[in-house]
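# Structure assessment
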Amino acid sequence: GQNIDQPTEMTATEGAIVQINCTYQTSGFNGLFWYQQHAGEAPTFLSYNVLDGLEEKGRFSSFLSRSKGYSYLLLKELQMKDSASYLCAAPGAGSYQLTFGKGTKLSVIP
Amino acid sequence: DVKVTQSSRYLVKRTGEKVFLECVQDMDHENMFWYRQDPGLGLRLIYFSYDVKMKEKGDIPEGYSVSREKKERFSLILESASTNQTSMYLCASSLLSRLSTDTQYFGPGTRLTVL
């Protein structure tokens, strides 16, 4: 199975950079997902990392270190609309399932 | 674009009622999932299906059943609703069968309140 940990809440200032960390303990590893979820809405896909390193996608980047069981989501040039929960998720080896972390609620303040 | 729809955004039911939550996806996805989301507990998998008429239990299947008679439709059934089943229910689908690494696309959610 999977055990996924991420901070519960974070606050950052508009225009700044924020890093949201995720650590995982797995019985197997098959990549790591990040999802964004605005309050009252469905989660939407942000990124998927299966290899070590940083993947950049506009203002958002995601990093993975498989040897350390660690990932982070980096948000640059923060905007008010980035206020949301960010969910880290990992599939199990040989499993159909995704195990989600409890999510990090990011508040962007002026 | 993938579209996953759920039959209701908000639902209020009474204890003991039988409740049906419907989910439909329009992209011919193999896998479909039902989750519930509660504050402080995150997303938890109830049931999933990797093919028509196939289903497997997730982490918290007790008190729930599912039905997948057609590829595009996956129903969650609460046989006898209880107050502890008050929650946000999210349906998701993904393309590739038997591969959990494919992206899951979520419906808008159904907020169920059981009185």
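Residue numbers run consecutively from 1 along every chain, following the written order of its sequence. Naming scheme: in the order in which they are written, chains are lettered from A and ligands are numbered from 1. Given that this is a predicted model, residues contribute local features only at a pLDDT of at least 70 and side-chain atom pairs are listed and counted only at 80 or more, while totals for whole chains, interfaces and linings are drawn from all residues. The basis for every side-chain value is the complete set of heavy atoms in the structure, and neither hydrogens nor water enter the calculation.

A word on the overall build of chain A. Within chain A, the regular secondary structure consists of zero helices and 11 strands. Per the convention used, a helix needs a DSSP run of H or I reaching at least four residues, while a strand needs a run of E reaching at least two, with both numbered from the N terminus. Counting from the amino terminus, chain A carries its helices and strands in the arrangement β-β-β-β-β-β-β-β-β-β-β. The atom set for the radius of gyration is the C-alpha atoms, and the globule formula is 2.2 Å times the number of residues raised to the power 0.38. A compact globule built from 110 residues should have a C-alpha radius of gyration of about 13 Å, and chain A, at 13 Å, falls within 12% of that. Once the C-alpha set of chain A is aligned to its principal axes, its extents read approximately 45 × 30 × 20 Å. Element-wise, carbon and sulfur atoms account for 49% of the exposed surface of chain A, whose accessible area totals about 5,200 Å². Looking at chain A, you have 8 positive and 9 negative side-chain charges, and the mean spots of the two groups are 3 Å apart. Exposure was quantified through the Shrake-Rupley algorithm and a 1.4 Å probe, taking into account, for residues, occlusion by the shown protein chains and nothing else. Only four residue types enter the charge count, namely Lys and Arg as positive and Asp and Glu as negative; His and the chain termini do not. Lysine's charge is taken at NZ, arginine's at CZ, aspartate's at CG and glutamate's at CD.

Attention now goes to the interface of chain A and chain B. Contacts between residues were defined by any pair of non-hydrogen atoms, one from each residue, lying within 4.5 Å. Facing the 18 residues of chain A at the interface are 26 residues of chain B. A buried area of about 1,800 Å², summed over both sides, lies between chain A and chain B, and 58% of it is on carbon and sulfur atoms. Criterion for a salt bridge: a side-chain nitrogen of Lys or Arg within 4 Å of a carboxyl oxygen of Asp or Glu. Linking chain A with chain B are zero salt bridges. Between N or O atoms, a polar contact is any pair within 3.5 Å; within protein, one atom must be a potential hydrogen donor and the other a potential acceptor, and residues adjacent in sequence are included only when both atoms are from side chains. Summed over the shared surface of chain A and chain B, the number is three residue pairs in polar contact (both at pLDDT 80 or more). Summed over both partners, the accessible area (1.4 Å probe) lost when two parts come together is defined as the buried area.

All names here are of chain B. What the rule picks out here adds up to 10 salt bridges over all chains. Notably, a salt bridge pairs E22 with R73, separated by 3.7 Å at the nearest N-O pair. Within this pair, whereas E22 is found in strand 3 (residues 19-25), its partner R73 is found in strand 8 (residues 73-78), the two being separated by 51 residues in sequence. Burial classes: relative accessible area under 20% of the type maximum marks a residue as buried, over 50% as exposed, and values in between as partly exposed (1.4 Å probe, protein chains only). In this structure E22 comes out as partly exposed when scored by relative accessible area, which is 23%. Its relative accessible area of 38% is what places R73 among the partly exposed residues. A salt bridge links K71 to D28, with the nearest nitrogen and oxygen atoms 3.1 Å apart. Here K71, found in the loop between strand 7 (64-70) and strand 8, pairs with D28, found in the loop between strand 3 and strand 4 (31-38); they are 43 residues apart in sequence, far enough to count as distant. Under the relative-accessibility criterion, K71 is labelled partly exposed at 23%. By relative accessible area, D28 is classed as exposed at 52%.

Turning next to the packing of aromatic side chains. Residue and element names in this part refer to chain B. Only rings of Phe, Tyr and Trp enter the pairing, Trp through its six-membered ring, and a pair is recorded when the two centres are within 6.5 Å. The plane angle decides the type: under 30 degrees is stacked, over 60 is edge-to-face, the rest tilted. Per the stated rule, a full pass over the model turns up 16 aromatic pairs over all chains. Judged by centre distance (6.3 Å) and plane angle (25°), the ring pair of F33 and Y35 falls under stacked. Accessibility assignment for this pair places F33 and Y35 in one class, buried. Seen in terms of ring centroids, Y35 and F106 are 5.7 Å apart; in terms of plane orientation they differ by 40°. Their pairing is tilted. With Y35 in strand 4 and F106 in strand 10 (residues 105-106), this pair connects stretches of sequence that are 71 residues apart. Since its relative accessible area comes to 0%, Y35 is described here as buried.

Quick look at the sheet that holds strand 1 (residues 4-6) of chain B now. Residue and element names in this part refer to chain B. With respect to topology, four strands assemble into an open sheet ordered 1-3-8-7, the strand pairing being antiparallel. The strands lining the two open edges of the sheet, one partner per strand, are strand 1 and strand 7. In this sheet, adjacent strand axes meet at a mean angle of 20° when their direction is disregarded. Pairs of strands are assigned from DSSP output, requiring at least two bridges between the strands. Two elements, strand 7 and strand 8, share five bridges in a ladder whose sense is antiparallel. Axis definition: a line fit to C-alpha positions, over the contact stretch in the case of helices; interaxial angles, taken between N-to-C directions, run 0 to 180 degrees.

All names here are of chain B. Of all six residues in strand 8, five are buried; the element is thus mostly enclosed. Note that strand 3 and strand 8 share six bridges and pair antiparallel. Pairing of V19 across the sheet is with L78, part of strand 8. Adjacent in sequence and paired antiparallel, strand 7 and strand 8 are bridged by two residues.

Glancing now at the state of the cysteines. Count a disulfide wherever a pair of cysteine sulfur atoms falls within 2.5 Å. In this structure the tally under the stated criterion is two disulfides over all chains. Covalently, C22(A) is tied to C88(A) through a disulfide, its sulfur atoms 1.9 Å apart. Between C22(A) and C88(A) the sulfur-sulfur dihedral comes to about -70°; the bridge is accordingly left-handed. Here the residue C22(A) occupies a position in strand 3 (residues 18-26), and C88(A) occupies one in strand 9 (residues 84-91), the gap between them amounting to 66 residues. Each member of the pair, C22(A) as well as C88(A), carries the same accessibility label: buried. A disulfide bridge connects C23(B) with C91(B), and the sulfur atoms are separated by 1.9 Å. On the sign convention where negative means left-handed, the S-S torsion of about -75° between C23(B) and C91(B) marks this disulfide as left-handed. Here the residue C23(B) occupies a position in strand 3, and C91(B) occupies one in strand 9 (residues 87-94), the gap between them amounting to 68 residues. Its relative accessible area of 0% is what places C91(B) among the buried residues.

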